[in-house]
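What follows is the residue order along each chain.
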Amino acid sequence: MKGANRPVSEDLERLKQHLPLLEYLRRHNWTAHPAGTAQEFVGLCPLHREDHPSFYVNARKNLFYCHGCGRGGDLIRFVELFRNLSFRHSVAHLQELAPASGSQLLEQAVAFYQLQLQRDAEGARYLEQRGLHHPAIIEELGIGYAPGGNLRRHLATHGYSFELLLDIGLIDNQGRDAFCRRIIFPCRQQGRVINLYGRSVGTAFPHRLLPRSKGGLVAWDSVSRSSSVILVEGFFDLAVLWQAGFRNTTCAIGTHLTPFQFHQLSERSDRLVYVVCDQDENQAGQRAAHQLARRLAGVGVPARLVQLPAGHDPNSYFSAGATAADFTDCLERAQPL
Ligand SMILES: [Zn+2]
């Protein structure tokens, strides 16, 4: 029966897809080992005290079963038992963690990181070094800086719980900032922040996203109105192209598009898509770009592969002194498949 406040089953399915059981357990520090098949994991039961692992998770079916206490079910059932919540409250709790939610909290984090960019010279220096200097573009993209070590205290003053920050992935279970010495780019969808991308300015792994959906194509609300679209891999590529006046540039945050991003790009066949690939030595960027252009052509969307000089991505190309006219040349030389 569908009551007014009762979540319908397809909403529940979507919720469970967005936040797989295994992911939820891992965020709560559940340690597991593969059990037999590749999709099955076993570990100590979080629901009862035991010293021999009898808690099984089937990642494909998104279900658990404990041979010790005999309890099993899906993510919602797990939350009911683990947090001692009613079905309705368990769903509400999970909805808070799902990609569409937490938006308010992420908005606060973005504002905080923007402020840090003004206070901490390291962030500004890094942007300058990457050739990004127009304050209006930095402001418009909501770019900030995470020095590390102070986010939790700040968000606590806005009433956000340790638990929520941990669940969203902004801090680790010791309360330390997940983003430390990173330039922060908010990923927005229909105006709402749904994820954060952090580029390391130090030696840490360069790319980092929160453990949630990366959402659609960057700035798609404005870019999708153009009759031609330039698709690049990274935020810095996008930022320098916007700075050079190519406002029809979007980015997929990586070389592989999600089905949703592909859908966005291919929804209109009267639009020309320029795919700009990084000229990697190992050809990874070129291969991914080529594959994407073929997929677009396959659904009737005209695509062109844009070649940059060897070793360059758009960011490094402009940093090395290229002008808007040079890039326009590259666009004009781009070949259809
Ligand atoms: Zn158990």
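Residues numbered from 1 in each chain as written. Predicted model: local features only at pLDDT ≥ 70, side-chain atom pairs only at ≥ 80, totals over all residues. Heavy atoms only, no water.

**As for the coordination of the zinc ion**
Here the zinc ion is held by the protein donor atoms C45 (SG), H48 (ND1), C66 (SG) and C69 (SG), which lie 2.0 to 2.3 Å from it. For the zinc ion, the four donor atoms in the first shell make angles of 96 to 122 degrees at the metal, so the coordination geometry reads as tetrahedral. Read in sequence order, the donor residues coordinating the zinc ion give the pattern C-x2-H-x17-C-x2-C. Given a relative accessible area of 23%, H48 falls into the partly exposed group. (Donors = N, O, S within 2.8 Å, 3.2 Å for Na, K, Ca; no water. Tetrahedral: all angles 85-135°; square planar, octahedral: opposite > 155°, others 65-115°. Buried < 20%, exposed > 50% of the residue type's maximum accessible area, 1.4 Å probe, protein only.)

**Notes on the pairing of strand β7 (residues 182–189)**
Most of β7 is tucked away, with six of its eight residues classed as buried. Examined bridge by bridge, strand β6 (residues 144–146) and β7 share three bridges and lie antiparallel to one another. Bridge pairing in β7 links Y145 to I183. Here β7 pairs with strand β8 (residues 192–200) via eight bridges, running antiparallel. When the bridges of β8 are listed, F185 appears paired with Y197. From the end of β7 to the start of β8, which pair antiparallel, there are two residues, and Q190 there has a positive phi angle of about 45 degrees. (Helix = DSSP H or I, 4+ residues; strand = E, 2+ residues; numbered from the N terminus. Pairing = 2+ DSSP bridges.)

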